[in-house]
Structure formats: C-alpha cells, structure tokens
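# Chain and residue survey
What follows is the residue order along each chain.
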Amino acid sequence: MTAVGYASNGQPRKVEAHSQLLGRRIATLGPYSPLFYREPLELVSGSGVWVSDRQGQRYLDAYNNVPHVGHSNPRVREAVAKALGTININSRYLTEQPIAYAERLLATFAPQLDRVMFTNSGSESNELALRIARQHTASDGVLISDFSYHGNTTSLAQMTTGLQVAEPLGDHVRPIRIPDVPQDASAQETASLVSSALAEVDRAIDLLTARGHRLSAVLLDPSFSTEGLPRVPVSYLRGLVERVHKAGGLYIADEVQSGFGRLGSWMWGHQRFGVDPDLVTLGKPMGNGIPIGAVVLPDGLLEEFGSRNQYFNTFATTAVPSSAAQAVLDVMADEQLAARAEQIGRALREDLTGYALTDPFVSDVRGQGLYLGIELTVAGEPAPALAGWLSEALRERGVLASRIGRHDNVMKVRPPLVFGSQDARTLASALEDALAEAAQGEWARHAAVGGRA
Ligand SMILES: Cc1ncc(COP(=O)(O)O)c(C=O)c1O
C-alpha cells in the first residue's frame with residue numbers, strides 16, 4: 001500500500017506502507033494525508049524537547065512549534081484536566097477562564113488592539129480576519145506574498161501561493177514578491193531593492209482596483225516563514241502598510257508562526273517592524289496542542305462586525321482551550337522563554353553561521369530567536385535534494401528538523417521554546433556530522449524525499 005506525502009514544492013511523492021499502522025492509516029484517512037520522512041516516524045511519547053518512537057529511539061525535537069512550552073508540559077496537562085474535571089461548556093454560558101485569558105492576552109498587545117475573538121485554528125482566524133476586513137472596507141481585494149500559506153478554507157485556498165491547491169488564485173488576489181536583502185547588501189542596494197518591491201505593491205493595488213477589487217487587506221506572516229525567512233527591511237514593511245492604508249485596506253498580521261515569543265526579543269512578530277497591524281491572527285502554539293486560535297482587533301472593528309453579524313463559535317471561548325493557553329503564558333513568563341529564545345537562538349545562529357563560512361553547501365543562516373533557516377546551495381544553486389537528504393540524515397542522528405522556502409532548500413529549525421543550550425549543541429553537532437557526510441557526496445547518491453508542515 002502507498003501513501004502520498006508532499007515535498008515543500010508541493011509535488012506529491014509516494015510513501016510505502018512499511019508498517020501496519022501506516023497501512024491502517026492509508027485504509028482509513030486515505031493516501032493523501034501528508035507525512036514526514038521517507039519512512040514515516042511513529043511517535044509514542046514526548047517530554048520537553050524530546051520525543052520517542054515505538055522502538056524506544058529518542059529524538060531531539062528541533063522542529064515543532066505546537067508544543068510551545070514543551071511536549072506533555074505538566075502545567076498545561078494540569079490546567080486542561082482541571083477544566084475538564086469542572087466545567088467545559090458551550091461558549092454561550094459565562095465561564096471564568098476565557099475571560100481571564102483574554103485579559104492576560106490583550107495586555108501583551110498595543111493598547112488599541114483591545115478585543116479578542118477566539119477561534120479553533122489558524123485557518124479559522126485568518127478566515128474571520130478577512131471577513132471582518134471585507135465588511136469594514138466594503139471591498140475584497142487582497143495582497144499576499146507570492147510564496148505563502150495561511151490556511152485551508154475556501155477563501156484561503158484562493159490565496160495560497162506556497163503549496164499545491166486546485167483552486168486558482170482569486171481574481172481579487174494579487175501576489176507580491178517579498179524582498180530578501182542579502183546580508184552584505186549596501187544601504188544603496190537595500191534602498192533600491194525596497195523601492196522596486198514597493199513599486200510592485202503600487203502596481204498590484206492598481207491592478208486590483210482596475211479589476212473592480214478595491215483593496216480590503218494585506219495578509220502577511222511577519223516572520224515570512226513559508227518564504228524561507230528572507231531578510232525583509234523595516235522600510236519595506238512600513239512602505240507596504242502605508243500604501244495599503246492609503247488604498248483603504250487593513251494590515252492583517254498572521255502570527256500563527258511568529259507569535260508567542262518565537263522570534264525572541266518580541267512577543268509578536270509584527271513588533272520587529274514597529275508597525276501595528278489592524279488585525280492580528282493567532283493559532284498553532286497558543287494552546288500547546290489544544291486547538292485554539294484568535295483574532296485580536298480594535299474595539300471599533302469588533303463593534304462594526306459584531307453589530308452586523310450573529311457570530312457564534314461553539315468550541316472557541318470555552319474553558320479547556322483557554323486554560324491550556326493560560327498555562328502557556330504562565331510557563332512563558334515564569335521561565336522567561338522569549339528572552340531565552342533570544343539568547344539561545346542568537347548563540348545557535350552564531351554557531352551555525354560558522355558553517356556558512358566554512359561549509360561548501362551552507363550559503364546563509366537566517367532567522368531570529370528560535371526560528372532559524374540554514375540555506376543550502378550547490379555550486380551557487382539552491383539544493384532541495386541536499387536539504388531532503390539532510391533532514392533524513394538528521395533523523396538518523398536523532399534530531400527532527402525540516403525545510404522551507406520557495407526552492408525547498410532552507411533547513412528549518414523551530415523547536416519548542418524550552419530548547420536549551422545543551423540542546424542547541426546537540427543539534428549543531430548532529431548538523432556538523434551530517435554535513436561532513438554530505439561533503440563526501442553521499443547525499444547525491446540518494447533520491448531525496450521529505451515532507452512539510
Ligand atoms: C502562517 C500560517 N498561518 C496559518 C496557518 C493555518 O493554521 P491551521 O493549520 O491551524 O489552520 C498556518 C499553518 O501552517 C501557518 O503556517
């Protein structure tokens with residue numbers, strides 16, 4: 001029996017059902033539910049930054065952002081069990097936990113972002129934010145990065161540029177190229193890249209207007225993770241948002257990847273650009289594995305939307321997810337995880353940058369906090385096959401990582417935020433060892449396969 005996984009370029013690939021469980025999965029979920037690795041990994045337990053497979057092999061998790069404060073975190077478990085053991089009921093009743101969490105969450109945003117609507121996933125958050133923007137602007141034009149992913153609803157599928165979907169881009173959607181400034185670019189080169197990227201934004205807005213789709217929103221992930229963590233100048237983002245506002249649209253920051261201290265110095269990814277969004281969307285790490293998402297917005301937008309729509313959401317705003325999310329913030333505060341991500345991420349990046357200077361295949365190390373990307377090239381060209389080989393080679397060395405980017409050649413390091421300095425050393429030495437094997441040409445002899453999230 002075979003299953004189908006997806007490489008980062010969206011191309012389907014076949015996976016043999018080498019285990020009974022995989023056979024059962026294919027027989028029930030079908031063959032299209034994506035799986036990582038040539039031989040999919042069956043995990044049976046996790047704790048902190050470690051996970052274990054059925055054979056008892058342990059792996060250092062340098063990849064997963066959903067277990068934000070660690071796999072099987074005891075405080076999250078306790079909070080969830082307590083809520084389940086007391087009251088967890090339809091959101092139309094008044095319960096304490098979602099309110100307490102909302103107060104705590106909102107205190108982390110700029111003062112005008114003073115309301116929150118809870119959802120169950122990142123997709124749902126983005127869908128809702130777009131709906132609010134559409135109603136506010138009475139228009140539907142959307143700008144999107146030309147290699148991005150924001151979710152799986154129908155309207156988000158119509159604006160998916162970073163993985164394979166059957167839906168064509170909507171007539172109301174315009175992709176734009178996010179500028180990636182080389183590390184050694186001069187101020188003049190940077191300015192010229194920014195000005196041509198902003199000219200593209202102007203053209204995109206004009207085109208949407210000409211098609212009868214005035215601008216409603218720009219939807220962006222402030223870490224530009226699917227894009228492969230490009231170096232995006234502050235002046236670009238400021239210029240982009242200025243243009244969006246001038247055209248009457250709203251700036252939606254999708255913090256599903258970049259939020260909750262992932263980028264180290266900032267609680268929210270958008271803060272690195274110093275531009276406040278009109279709407280912020282949250283998901284993935286928020287509940288440490290318990291589904292919860294949110295749209296954070298100003299009172300005025302909520303008032304406008306709420307007064308016109310009877311918006312109801314059964315599971316959102318209930319005690320279990322908000323208790324899990326509250327525990328995440330508690331652990332983050334008590335263990336100073338954002339500051340730690342900054343410190344450990346910086347040391348790891350410096351360490352890895354050493355390879356960029358010496359390893360023939362590593363051309364760049366990018367990212368911030370505990371979201372790093374290691375760009376691989378061969379003879380100056382993007383090397384997706386090498387990246388695929390490397391993620392398998394790291395697995396063999398007991399480390400989980402994956403890859404991103406438009407060429408699928410950027411190794412993605414995005415561990416749970418409780419990743420420590422010893423873990424960073426373990427990762428760096430596995431990487432060094434795997435790259436040494438790659439230098440002997442081993443990788444080129446293997447057909448590279450992999451998967452993505
Ligand atoms: C930036 C971004 N936004 C939204 C989503 C969708 O989130 P979910 O899978 O929870 O619907 C993802 C998922 O990978 C994402 O990376």
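A quick note: this is a predicted structure, and the numbers were derived from the prediction, not measured. (Residues numbered from 1 in each chain as written. Predicted model: local features only at pLDDT ≥ 70, side-chain atom pairs only at ≥ 80, totals over all residues. Heavy atoms only, no water.)

### A few points about the domain arrangement of the protein chain
- Taken domain by domain, the protein chain consists of domain 1 (2-69 + 336-445) and domain 2 (74-334).
- Placing a centre on the C-alpha atoms of domain 1 and another on those of domain 2 gives a separation of 26 Å.
- Contact with domain 1, which involves 32 residues of that partner, is made by 35 residues of domain 2.
- Here domain 1 and domain 2 share an interface that buries about 2700 Å² over both sides, 50% of which is from carbon and sulfur atoms.
- Applying the counting rule to domain 1 against domain 2 returns three salt bridges. (Domains from an automatic or database assignment. Contact = heavy atoms within 4.5 Å. Buried area = accessible area lost by both parts, 1.4 Å probe. Salt bridge = Lys/Arg side-chain N within 4 Å of Asp/Glu carboxyl O.)

### Let's talk about the site of the ligand
- Near the ligand, the surroundings consist of S121, G122, S123, N126, Y149, H150, G151, D254, V256, Q257 and K284.
- The contact in question runs from an oxygen atom of the ligand to an N or O atom on the backbone of G122, over 3.0 Å.
- One of the side-chain N or O atoms of Q257 is found 2.8 Å from an oxygen atom in the ligand.
- Calculation on the ligand without its partners gives an accessible area of 390 Å², and the protein chains cover 86% of this total.
- Element by element, the count of residues in the shell around the ligand is highest for helix α4 (residues 122-137), at three residues.
- Looking at the shell around the ligand residue by residue, the classes come out as two nonpolar, seven polar and two charged. (Near = heavy atom within 4 Å. Polar contact = N/O pair within 3.5 Å; in protein donor to acceptor, adjacent residues only side chain to side chain. Areas by Shrake-Rupley, 256 points an atom, 1.4 Å probe, with all protein chains shown as cover. Helix = DSSP H or I, 4+ residues; strand = E, 2+ residues; numbered from the N terminus. Nonpolar A, V, L, I, M, F, W, Y, C, P; charged D, E, K, R; others polar.)

### So, the environment of V234
- By the element assignment, V234 lies in helix α7 (residues 234-246).
- Dropping the residues within four chain positions of it, V234 is found in contact with R272 and F273.

### Looking at helix α3 (residues 96-106)
- Every buried residue belonging to α3 is among P98, Y101, A102, L105 and L106, and all of these are buried. Taken end-on, α3 shows its buried residues confined to a sector of 120 degrees, consistent with a single buried face. Facing away from the buried side of α3 by more than 90 degrees, the exposed set consists of E96 and E103.
- On its buried side, α3 packs onto β6 (115-119), β11 (279-282), β12 (293-297) and α9 (319-334). (Buried < 20%, exposed > 50% of the residue type's maximum accessible area, 1.4 Å probe, protein only. Arc of directions from axis to C-beta.)

### As for a nonpolar patch on the surface
- On the surface, a nonpolar cluster with roughly 280 Å² of combined accessible area is contributed by I87, I89 and Y93.
- Locating Y93 in the fold gives a position in the loop between α2 (74-86) and α3. (Patch = residues over 30% accessible without salt bridge, like charges linked within 9 Å, V, L, I, M, F, W, Y side chains within 5 Å.)

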